[in-house]
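The lines below spell out each chain.
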Amino acid sequence: MATPLPKASGTTTVDGYTVTVRGDLMAGMAHQLTATVSKDGRPVTDLQPYLDTYAHLTAFHEGDLAFAHLHPETAADGDHGGPALTFHAEFAQSGNWRLFLQFRTGGQLHTAALTLHVG
């Protein structure tokens, strides 16, 4: 039995960090997707490289679990990434996608989960 995804929302909180994802996404077309990380209302600028980049974004399509894996367009250069990370995003199908954004601060890995709708 399939578990329904949470309602589409461009913002979530994990471990005290607020992650906001924005982009005007259309299936089959390349678009920019921007993830912004903040804590206590302040921009986070101390993201650390994790597997050679400041974030990993993995997405799964609701219903058939089609898969997308994205990295930020900016190369990681020391422990001062953020607050905004831009991704080149292309999703093959419209519908809801469950996104998992992984980022590291203070040596700790954080995984933010949210649902986005792709038109």
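Residues numbered from 1 in each chain as written. Predicted model: local features only at pLDDT ≥ 70, side-chain atom pairs only at ≥ 80, totals over all residues. Heavy atoms only, no water.

Participant: Tell me about the overall build of the protein, and name the residues and values.
Facilitator: A count of helices and strands for the protein gives zero helices and nine strands. Moving toward the C terminus, one meets the helices and strands of the protein in the order β-β-β-β-β-β-β-β-β. Computed over C-alpha atoms, the radius of gyration of the protein comes to 14 Å, within 12% of the 14 Å expected from 2.2 N^0.38 for 119 residues, which places it in the range of a compact globule. For the protein, the C-alpha atoms occupy an extent of roughly 40 × 25 × 25 Å along the three principal directions. (Helix = DSSP H or I, 4+ residues; strand = E, 2+ residues; numbered from the N terminus. Rg over C-alpha atoms; globule rule 2.2 N^0.38 Å.)

Participant: Describe unusual backbone geometry, with residues and values.
Facilitator: Peptide bonds are mostly trans, and most non-glycine residues show a negative phi. That bond from G82 to P83 is cis: its omega, 0 degrees, falls within 30 degrees of zero. Mapped onto the secondary structure, P83 falls in the loop between β6 (67–70) and β7 (84–90). Phi is positive for D15, which is not a glycine, with a value near 50 degrees. Topologically, D15 is positioned in the loop between β1 (11–14) and β2 (17–22). We note that L65 has phi near 60 degrees; this positive angle belongs to a residue other than glycine. Relative to the assigned elements, L65 resides in the loop between β5 (56–61) and β6. Given a relative accessible area of 61%, L65 falls into the exposed group. (Buried < 20%, exposed > 50% of the residue type's maximum accessible area, 1.4 Å probe, protein only.)

Participant: Describe the side chain of T12, and please don't skip the residues or the numbers.
Facilitator: Topologically, T12 is positioned in strand β1. We classify T12 as buried; its relative accessible area is 19%. Separated by 3.4 Å, the side chain of T12 and the backbone oxygen of A113 make a polar contact. Beyond its immediate sequence surroundings of up to four residues, T12 is in contact with Y17, T18, V19, A112, A113 and L114. (Polar contact = N/O pair within 3.5 Å; in protein donor to acceptor, adjacent residues only side chain to side chain. Contact = heavy atoms within 4.5 Å.)

Participant: Any chance you could break down the environment of G41 for me, citing the residues and the numbers?
Facilitator: The topology assignment puts G41 in the loop between β3 (30–39) and β4 (42–43). The exposed category is assigned to G41, whose relative accessible area is 74%. Distance in space between the C-alpha atoms of G41 and T18 is 8.2 Å, their sequence separation being 23 residues.

Participant: Before we move on, can you summarise the layout of surface pockets with the specific residues and values?
Facilitator: Of the pockets and cavities examined, the largest pocket occupies roughly 170 Å³. Together, A2, T3, P4, L5, F60, H61, E62, G63, L65 and R98 line the largest pocket. Of the residues belonging to the lining of the largest pocket, the class tally is five nonpolar, three polar and two charged. (1 Å grid on protein atoms, 1.4 Å probe; cavity = no way out; pocket = protein on both sides within 12 Å on 5 of 7 lines; lining within 4 Å. Points joined across faces, edges and corners; volume = space filled by probe spheres on them. Nonpolar A, V, L, I, M, F, W, Y, C, P; charged D, E, K, R; others polar.)

Participant: Can you tell me about the packing of aromatic side chains, naming the residues and giving the values?
Facilitator: Counted under the stated rule, the structure contains four aromatic pairs. Judged by centre distance (5.4 Å) and plane angle (55 degrees), the rings of F60 and F67 are tilted. You can call F67 exposed: its relative accessible area is 53%. Taken together through their ring pairs, the aromatic side chains of F60, F67 and F100 make up a single cluster. (Phe/Tyr/Trp six-rings, centres within 6.5 Å; stacked < 30°, edge-to-face > 60°.)

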